[in-house]
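The residues making up each chain are set out below.
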2 protein chains.
Amino acid sequence: MNYSRQREQVLRTLKENVVHPTAEYLYEILRNKNPKISLATLYRNLNQLAEAGVIKKIDGLESSAHFDHNTHEHYHFICDECKKVFDISANVAPDIISKTETETGFKIKGHDIVFHGLCHECREKKGEQ
Amino acid sequence: MNYSRQREQVLRTLKENVVHPTAEYLYEILRNKNPKISLATLYRNLNQLAEAGVIKKIDGLESSAHFDHNTHEHYHFICDECKKVFDISANVAPDIISKTETETGFKIKGHDIVFHGLCHECREKKGEQ
DNA sequence: CCTTAATTGATAATTATTCTCATTTTTTCA
DNA sequence: TGAAAAAATGAGAATAATTATCAATTAAGG
């Protein structure tokens, strides 16, 4: 990944914002500095920077929503390889709500934990430890 | 919410599937039972059922991705009211990865926790406890 | 400098989802 | 029962977010 003025601008704009902007919001800000910048360039750079670990993309599951008839509290794991979604028991993070409410003063109405990685099967297939 | 054959079918199809299907996948299955069923009906019913708490929709943030220049481990809270995104310190769920890896045998490469509810400001505005 | 590789801007395409609206189905209750 | 009101449907248009395409521009390195 080599230097470009646009990538520089994307990164700086992101850093100058305290909140966690969407691409749309960033685009508006960016156009003030550089009215010619293309939306595609913004998305490209955000993805590249996230890929490189310079920034982070916050999005639970990638594209489409998944539905679950199991409504008792539990979490999910999505396999990077086969894209299957698995249940994770809720007791991996027990008092997470009360802890967070106390710490923040926010009223928590719900939460979701999504893990990703390699499921058992794909792990074996790839021979990865 | 009153009875309809299509809603019945949507719910049954979801329950008969062990995995956590996407709408697209459900649609394919549903069309075998009812070739006339509309995609809009499927989405409508999934949302209604989720709204009513009969099923659960798994999707971290609703629509668009948010980006964060802060790459050290932390979580996020999105306010249902003003849609702002806040940081939550990672220590609300400390050994969540090791615990999950031990419990599942999966290789965890990352995870995201997204809370939602009312932020401090909106909580006061709405006078909600 | 010159060549090669990376990046850009403009825009088309795609994907997932929601909206619209005329028609059909369900519910209610006289 | 069965007529009126309310809810739900199907078909397809619309939207929103994101990705792909591709010719033109810019960066990097010998």
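Remember, it's a predicted structure, so these values are computed and weren't measured experimentally.

## A look at the packing of aromatic side chains
Right, so step 1: Scanning the model with the defined rule gives six aromatic pairs over all chains in all.
Right, so step 2: Put simply, the rings of Phe77(A), Phe86(A) and Phe106(B) touch in pairs and so form one group of aromatic residues.

## Remarks on the protein's contact with DNA strand D
Right, so step 1: Near DNA strand D, the surroundings consist of 22 residues, among which Tyr43(A), Asn2(B), Arg7(B), Lys36(B) and Thr41(B) are the closest.
Right, so step 2: Expressed as a percentage, the sugar and phosphate content of the atoms of DNA strand D within 4 Å of the protein is 75%.
Right, so step 3: Within the contact set of DNA strand D, a phosphate oxygen lies 2.3 Å away from a side-chain nitrogen or oxygen of Tyr43(A).
Right, so step 4: With respect to DNA strand D, the side chain of Arg7(B) contributes an N or O atom lying 2.6 Å from a phosphate oxygen.
Right, so step 5: Mapped onto the surface near DNA strand D, the elements with two or more residues apiece are α3 (39–51) of chain A together with α1 (5–15) and α3 (39–51) of chain B.
Right, so step 6: Looking at the surface near DNA strand D, its residues break down into nine nonpolar, nine polar and four charged.

## Considerations on the domain arrangement of chain A
Right, so step 1: Its domain assignment divides chain A into domain 1 (5–68) and domain 2 (74–125).
Right, so step 2: The C-alpha-based centres of domain 1 of chain A and domain 2 of chain A are spaced at 25 Å.

## Thoughts on the sheet that holds strand β3 (residues 74–79) of chain A
Right, so step 1: Across the sheet, six strands lie side by side as β4(A)-β3(A)-β5(A)-β5(B)-β3(B)-β4(B); this open sheet has mixed pairing. Strands at the two margins of the open sheet, each flanked by one partner only, are β4 (85–89) of chain A together with β4 (85–89) of chain B. For this sheet the average axis-to-axis angle between neighbouring strands, irrespective of direction, equals 30°.
Right, so step 2: With 11 bridges connecting them, strand β5 (residues 107–118) of chain A and strand β5 (residues 107–118) of chain B associate as antiparallel partners. Among the inter-strand pairings, His111(A) is bridged to a residue of β5(B), identified as Phe115(B).
Right, so step 3: Across the sheet, helix α4 (residues 96–104) of chain A is in contact with β3 and β5 of chain A together with β4 and β5 of chain B; its angle to β5(A) comes to roughly 120°.
Right, so step 4: Seen against the sheet, helix α4 (residues 96–104) of chain B touches β4 and β5 of chain A together with β3 (74–79) and β5 of chain B and runs at an angle of roughly 120° to β5(B).

## Details of the packing of helix α1 (residues 5–15) of chain A against α3(A)
All names here are of chain A.
Right, so step 1: The geometry of α1 relative to α3 is characterised by a closest axis approach of 10 Å and an angle of 70° between their N-to-C directions. One element, α1, and the other, α3, form an angle in the roughly perpendicular class. Where α1 approaches α3, its residues Gln6, Arg7, Val10 and Leu11 are matched on the opposing element by Thr41, Leu42, Asn45, Leu46, Gln48 and Leu49.
Right, so step 2: Each residue belonging to the contact of α1 with α3 can be placed in one class, and the counts come to five nonpolar, four polar and one charged.

## Considerations on the pairing of β3(B)
Residue and element names in this part refer to chain B.
Right, so step 1: Most of β3 is tucked away, with six of its six residues classed as buried.
Right, so step 2: Relative to β4, β3 runs antiparallel, the two being bridged by five bridges. Pairing of Tyr75 across the sheet is with Ile88, part of β4.

## Some details on the protein's contact with DNA strand C
Right, so step 1: Around DNA strand C, 22 residues are found, and the nearest of them are Asn2(A), Arg7(A), Lys36(A), Thr41(A) and Tyr43(B).
Right, so step 2: Counting only atoms of DNA strand C within 4 Å of the protein, the fraction found in sugar and phosphate groups is 77%.
Right, so step 3: At 2.4 Å, a side-chain N or O of Arg7(A) approaches a phosphate oxygen of DNA strand C.
Right, so step 4: Here Tyr43(B) contributes a side-chain N or O atom positioned 2.4 Å from a phosphate oxygen of DNA strand C.
Right, so step 5: A per-element tally of the surface near DNA strand C places α3(B) first, with five residues.

## Quick word on the pattern of salt bridges
All names here are of chain A.
Right, so step 1: Following the criterion strictly, the structure yields 10 salt bridges over all chains and no others.
Right, so step 2: Its salt-bridge partner being Glu101, residue Lys107 comes within 4.0 Å of it at the nearest N-O pair.
Right, so step 3: In this structure Lys107 comes out as partly exposed when scored by relative accessible area, which is 24%.
Right, so step 4: Here Glu101 falls in the partly exposed class, since its relative accessible area comes to 24%.

## Overview of the nonpolar core
Right, so step 1: Tyr75(A), Ile96(A), Phe115(A), Tyr75(B), Ile96(B) and Phe115(B) are the most contacted members of the largest nonpolar core, which totals 30 residues.
Right, so step 2: When contributions to this core are tallied by element, the ones reaching two or more residues are β3 and β5 of chain A together with β3 and β5 of chain B.

## Remarks on the relation of the copies chain B and chain A
Right, so step 1: With an RMSD of 0.1 Å, the operation that places chain B on chain A is a rotation of 180° combined with a shift of 0.0 Å along the axis. Overall, the copies show the geometry of a two-fold rotation axis.
Right, so step 2: Of all interface residues in chain B, 100% are interface residues in chain A too; the two copies therefore contact each other through one and the same surface.

Parameters and conventions
Chains are numbered independently. Their residues run from 1 in the order of the written sequence. To read the labels, note that chains go from A and ligands from 1, taken in the order they are written. Only residues with pLDDT of at least 70 are given local features in this predicted model, and only at 80 or more are side-chain atom pairs given and counted; all residues enter the totals for whole chains, interfaces and linings. Here the side-chain values reflect all heavy atoms present in the structure, with hydrogen atoms and water set aside. What counts as a ring pair is set by centres within 6.5 Å for rings of Phe, Tyr and Trp (its six-membered ring), and what kind of pair is set by the plane angle: stacked under 30 degrees, edge-to-face over 60, tilted for all other angles. If even one non-hydrogen atom of a residue comes within 4 Å of a molecule or strand, that residue is called near it. What qualifies as a polar contact is a pair of N or O atoms within 3.5 Å, subject to a donor-acceptor requirement within protein and to the restriction that residues adjacent in sequence count only when both atoms come from side chains. Secondary structure counts use DSSP, requiring at least four H or I residues in a row for a helix and at least two E residues in a row for a strand, with both numbered from the N terminus. Classification convention: Asp, Glu, Lys, Arg as charged; Ala, Val, Leu, Ile, Met, Phe, Trp, Tyr, Cys, Pro as nonpolar; all other residues, Gly among them, as polar. Residue ranges for the domains originate in an automatic or database domain assignment. Two strands qualify as a pair provided DSSP detects at least 2 bridges between them. Lines fitted to the C-alpha atoms define the axes, with helices restricted to the stretch that makes contact. Angles between their N-to-C directions range from 0 to 180 degrees. Note on contacts: a residue pair is in contact if any heavy atoms of the two residues lie within 4.5 Å. With respect to orientation, any angle under 35 degrees is reported as roughly parallel, any angle over 145 as roughly antiparallel, any angle of 65 to 115 as roughly perpendicular, and every other angle as oblique. Partly exposed residues are those whose accessible area sits between 20% and 50% of the maximum for their type, while under 20% is buried and over 50% is exposed, using a 1.4 Å probe and protein chains only. Salt-bridge detection follows one rule: a side-chain nitrogen of Lys or Arg within 4 Å of a carboxyl oxygen of Asp or Glu. Here, the term nonpolar core denotes a set of buried Ala, Val, Leu, Ile, Met, Phe, Trp, Tyr and Cys residues that are joined through side-chain atoms within 4.5 Å. C-alpha atoms of residues with pLDDT of at least 70 in both copies form the basis for the least-squares superposition of the copies.

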